[in-house]
Protein chains: 2
Amino acid sequence: MKQAKTGAAAPSLPVDEILSGDCIEVMRSLPEGSVDLVFADPPYNLQLQGELHRPDASRVDAVTNDWDRFDSFAAYDAFTRAWLAEARRVLKPDGALWVIGSYHNIFRVGAAVQDLGYWIQNDVIWAKTNPMPNFRGTRLTNAHETLIWASRSQKGRPTFNYEALKELNEGTQMRSDWSMPICTGHERLKDAGGAKAHPTQKPEALLHRVLVATTNPGDVVLDPFFGTGTTGAVARKLGRSFVGIEREAEYRAVAEKRLAKVRPYEGAAIEVSRGKRAAPRVPFGTLVERGMLSPGEELVSLNGRHRAKIRADGTLTVKGVAGSIHKVGAELLGAPSCNGWTYWHFKRDGAKVPIDALREQIRAEMRPS
Amino acid sequence: MKQAKTGAAAPSLPVDEILSGDCIEVMRSLPEGSVDLVFADPPYNLQLQGELHRPDASRVDAVTNDWDRFDSFAAYDAFTRAWLAEARRVLKPDGALWVIGSYHNIFRVGAAVQDLGYWIQNDVIWAKTNPMPNFRGTRLTNAHETLIWASRSQKGRPTFNYEALKELNEGTQMRSDWSMPICTGHERLKDAGGAKAHPTQKPEALLHRVLVATTNPGDVVLDPFFGTGTTGAVARKLGRSFVGIEREAEYRAVAEKRLAKVRPYEGAAIEVSRGKRAAPRVPFGTLVERGMLSPGEELVSLNGRHRAKIRADGTLTVKGVAGSIHKVGAELLGAPSCNGWTYWHFKRDGAKVPIDALREQIRAEMRPS
DNA sequence: AGAGCGATTGAATCAGCTC
DNA sequence: CGAGCTGATTCAATCGCTC
């Protein structure tokens, strides 16, 4: 029993709150298998003497020899593996992780992700439309950051709203390179003195795409490096719940204020395109039972090359071959598989109509109106 | 003394040759501190499972070669660290490394690069204009690969032709995300049976940009995973020397044949610009990188009165004058300005075609993005 | 001749459910 | 857990053929 093992009552998950403290310790207090998604924007300074710092807040202390370098990489790796392991414990079996970083840290993070048993789905490039130039002209303009999207394990089946992303991309499959501007203007939070409230505030557009792609309404999103709460703000807008962890009181204060102003989009607005995978199953035999097609009637492939006869039990038969609409189609095509719903057609008014049209008719009847 | 330490005479560096054997062992036989650049396209450790079919039931020809199979992450890491360490020994103190990979391996490679004392200058994204789609609709289109550019050490001062890259990018700083098509068509080498000679041949445009950016004419470029010799072919065209190492006899044979046909561009053509320029959208240099026009090739004005030669960085030169297509055109016309895109023509089948036609071709490729 | 159509192909960790 | 069945799913570019 878990309660006996931990020596404490099973903790409950505090939701839509910002938790204060070190994320590794705080995550330890959260129940295992309780969140749908982790989005993390960890610090990436490798100089771990004392505190971790954001890149522009950090002094770049020259590392003079190999031992120092190894020491700081080792410290960063230890920190990275610790929070990734806790995050993995807190994730549901079919949960997923997003981490964002730059070349300073992303390779170490990515290797740790793999070593800890996560399974990478994609790496995604955020190509900035308006990056900061390299003023000294010694390197290329650092115009992108890298995100890693990983399931909790190889067996995990993370949420992926394929159709929704396809729509976001004007009808063609979403690619792994995303072009978006950095966070500026009114979106960029300022402190009382007018300075940036946080050095690395991410654009809401980025989180919007991440959450539309890999969560559903009502899901819980954990952000262990909450900062000024971009993850929470977008989650709330999209009808998701969030759990934020942030160590710095100043950032928590900014985030609280920000979140108080956020209004969720209307219920219908957060629905996304689903595709056929989510539709209810309709056996082909149902069309026969309902008299939409008759036993003995002939189906034909679109090119007219193949014909088969419908039997009373909803199987097809042709030249001694018999079986499901899929199996017979595959057999005739000599293909490993075949979607019978789109392959087979019946004739109506001289035209060929895919049997999928009849299935859609039944599905329409089944929908709550 | 090195000779005493190694117990052998200091080895000399064989240049413009393909060396046969395992790259780790072969590199051990090369003198330390002897090459200017290492470009490496190592196995990606793809870990593919079963077969994959397109929606039209055709089978995808995947990378299932023995050279891409490793028993575990640990085995892959050991291999990676071994070749990276030898490559580092062979590099000059101010030398640099490029490695290309995908999310399957690049995080492990990048962490090893850092651990071994290299110093990352940039990570670079090759965004493919025409990637293979995700046929099952289960993930994002895997539309990019990642390159790491690193100096031998933090103290190293690697070659970086900042101005040349700026010219290649039509006057604005070159970014870390590069958009290029994959290697297809006539550039893609075929074996006797018409099948692809190598499963992962890289486009010459990619190597062109890498070598223009981080080497000078006369430099020596080592490629420990030579394959069909793209690195060698582009190096020779650009007046660089190469050292190729390849284990597979079949690949070596294809590469030898390929290299025998390669002619270096003329001396003046490989000089890169030191000046500055600014202008519109599709950089002229892109036409050069993509092989639509070649360094050394002549452009001519419509009336035939003026001629200029193309250089590797996308600038033109004539009678000691050098600069962008616009600047050189203006100079020759004695005019304050000139639209090089409509002024300059190349010859095809005896007819003069404005280079703008090529720009339009590229724009057509870039449109849906 | 040139437009248009069909076939082919590329570094890919590519399904989910029931029995 | 494995076997077996249902059934969902692709974009850009090149090449070669027909009209």
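Residues numbered from 1 in each chain as written. Chains lettered and ligands numbered in written order. Predicted model: local features only at pLDDT ≥ 70, side-chain atom pairs only at ≥ 80, totals over all residues. Heavy atoms only, no water.

K.L.:
Is there a simple way to explain the overall build of chain A in this structure?
P.N.:
Looking only at helices and strands, chain A has 12 helices and 14 strands in total. The contacts of chain A with a sequence gap of at least 6 include a subset with a gap of at least 24, amounting to 67%. Accessible surface computed for chain A: about 18,000 Å², of which carbon and sulfur atoms make up 51%. (Helix = DSSP H or I, 4+ residues; strand = E, 2+ residues; numbered from the N terminus. Contact = heavy atoms within 4.5 Å. Areas by Shrake-Rupley, 256 points an atom, 1.4 Å probe, with all protein chains shown as cover.)

K.L.:
What am I meant to see in the interface of chain B and chain A here?
P.N.:
The accessible area lost on association of the parts is a frequent measure of interface size. Counting from both sides, the interface comprises 51 residues of chain B and, opposite them, 49 residues of chain A. Around 4,400 Å² of area is buried between chain B and chain A when both sides are counted, 51% of it from carbon and sulfur atoms. Per-residue buried area on chain B facing chain A is highest for F107, R139 and L140 of chain B; these three make up 18% of the total on that side. Remark: the boundary between chain B and chain A carries two salt bridges. (Buried area = accessible area lost by both parts, 1.4 Å probe. Salt bridge = Lys/Arg side-chain N within 4 Å of Asp/Glu carboxyl O.)

K.L.:
When you look at the protein's contact with DNA strand D in this model, what are you seeing that I'm missing?
P.N.:
Residues and elements named next belong to chain A. Taken together, 28 residues sit near DNA strand D, with Y162, K166, Q173, H326 and R359 positioned nearest. Here DNA strand D approaches the protein such that, of its atoms within 4 Å, sugar and phosphate make up 62%. Within the side chain of E163, a nitrogen or oxygen atom sits 3.4 Å from a phosphate oxygen of DNA strand D. Here a phosphate oxygen of DNA strand D and a backbone polar atom of Q173 are 2.7 Å apart. Counting residues per element, the surface near DNA strand D draws most heavily on helix α5 (residues 162-168), at three residues. (Near = heavy atom within 4 Å. Polar contact = N/O pair within 3.5 Å; in protein donor to acceptor, adjacent residues only side chain to side chain.)

K.L.:
What should I look at first to understand the sheet that holds strand β3 (residues 91-101) of chain B in this one?
P.N.:
In a beta sheet, neighbouring strands pair by backbone hydrogen bonds and run either parallel or antiparallel. Residues and elements named next belong to chain B. Here eight strands make up an open sheet; going across it, the order is β1-β8-β7-β2-β3-β5-β4-β6 and the pairing mixed. Across the chains shown, the open sheet's two edge strands, defined by having one partner strand only, are β1 (17-20) and β6 (177-180). Ignoring strand direction, the axes of neighbouring strands in this sheet form an average angle of 20°. With four bridges joining them, strand β4 (residues 119-128) and β6 adopt parallel strand pairing. Looking at β6, one finds that I125 is bridged to D177. Along the sheet, helix α4 (residues 106-115) contacts β3, β4 and β5 (144-151); its crossing angle with β3, the most-contacted strand, is approximately 165°. (Pairing = 2+ DSSP bridges. Axes fitted to C-alpha atoms, helices over the stretch in contact; angles between N-to-C directions.)

K.L.:
Teacher, can you tell me more about the packing of aromatic side chains here?
P.N.:
Any aromatic ring pair is given by two values, namely how distant the centres are and how the planes are angled relative to each other. Residues and elements named next belong to chain B. Tallied over the entire structure, the rule returns 23 aromatic pairs over all chains. Ring plane angle 80° and centroid distance 5.2 Å describe the contact between W83 and F225, whose orientation is recorded as edge-to-face. In this pair, W83 is assigned in helix α3 (residues 73-90) and F225 in the loop between β7 (220-223) and α7 (230-237), connecting sequence segments 142 residues apart. We note that W83, like F225, is buried. (Phe/Tyr/Trp six-rings, centres within 6.5 Å; stacked < 30°, edge-to-face > 60°. Buried < 20%, exposed > 50% of the residue type's maximum accessible area, 1.4 Å probe, protein only.)

K.L.:
For this particular structure, what's the right way to read the sheet that holds strand β10 (residues 307-310) of chain A?
P.N.:
Residue and element names in this part refer to chain A. With antiparallel pairing, six strands are arranged side by side in an open sheet as β12-β11-β10-β9-β13-β14. The open sheet has two free edges, formed respectively by β12 (321-323) and β14 (351-354), since each of these has just one partner strand. With strand direction ignored, the average angle separating the axes of adjacent strands in the sheet is 40°. In the sheet, β10 pairs with strand β11 (residues 316-318) via two bridges, with the strands oriented antiparallel. Looking across to β11, one finds that K309 is bridged to T317. Across the face of the sheet, helix α10 (residues 325-333) comes into contact with β11, β12 and β13 (344-348) while running at roughly 145° to β12. The strands touched by helix α12 (residues 356-366) within the sheet are β13 and β14, with β14 carrying the most contacts at an inclination of about 50°.

K.L.:
Would you mind showing me how to read the domain arrangement of chain A here?
P.N.:
According to the domain assignment, chain A contains domain 1 (17-46 + 61-270) and domain 2 (284-366). Domain 1 of chain A and domain 2 of chain A are separated by 47 Å when their C-alpha centres are compared. (Domains from an automatic or database assignment.)

K.L.:
Which parts of the structure should I look at to understand the environment of A322 of chain B?
P.N.:
Within the element layout of this structure, A322 of chain B appears in strand β12 (residues 321-323). The spatial distance from the C-alpha of A322 of chain B to the C-alpha of I125 of chain B is 30 Å, given a sequence separation of 197 residues.

K.L.:
Looking at this model, I keep getting lost on the protein's contact with DNA strand C. Mind explaining?
P.N.:
Of all residues adjacent to DNA strand C, which total 39 residues, the nearest are R157 of chain A together with Q47, R54, Y103 and R136 of chain B. Within 4 Å of the protein, the atoms of DNA strand C are drawn from sugar and phosphate moieties in a proportion of 45%. H104 of chain B has a polar side-chain atom sitting 3.3 Å from a sugar or linking oxygen of DNA strand C. For DNA strand C, a base nitrogen lies 3.2 Å from a polar atom in the side chain of K202 of chain B. When grouped by side-chain class, the residues that make up the surface near DNA strand C number 19 nonpolar, eight polar and 12 charged. (Nonpolar A, V, L, I, M, F, W, Y, C, P; charged D, E, K, R; others polar.)

K.L.:
Please clarify how empty space enclosed by the protein should be interpreted in this entry.
P.N.:
Using a probe with the size of a water molecule, rolled over the atoms, empty space left in the structure can be pinpointed. All names here are of chain A. All told, the structure shown has two cavities of 30 Å³ or more when counted by the stated rule. Quantified by volume, the largest cavity comes out at close to 130 Å³. Lining the largest cavity are 16 residues; nearest its centre among them are D41, K202, F225, F226 and T230. The residue inventory of the lining of the largest cavity, partitioned by class, reads four nonpolar, eight polar and four charged. (1 Å grid on protein atoms, 1.4 Å probe; cavity = no way out; pocket = protein on both sides within 12 Å on 5 of 7 lines; lining within 4 Å. Points joined across faces, edges and corners; volume = space filled by probe spheres on them.)

K.L.:
Whenever I open this one, the confidence of the model for chain A confuses me. Can you help?
P.N.:
Low-pLDDT stretches of the model should not have their predicted coordinates read in fine detail. Residue and element names in this part refer to chain A. The predicted model of chain A has a mean per-residue pLDDT of 90, with 90% of residues at 70 or higher. Scored below 50 in pLDDT, residues 1-7 shows four contacts in the model against residues more than four places distant or in partner chains. Note on residues 53-65: pLDDT under 50 across the span, and 22 contacts to partners over four residues away in sequence or across chains. (pLDDT = per-residue confidence, 0-100.)

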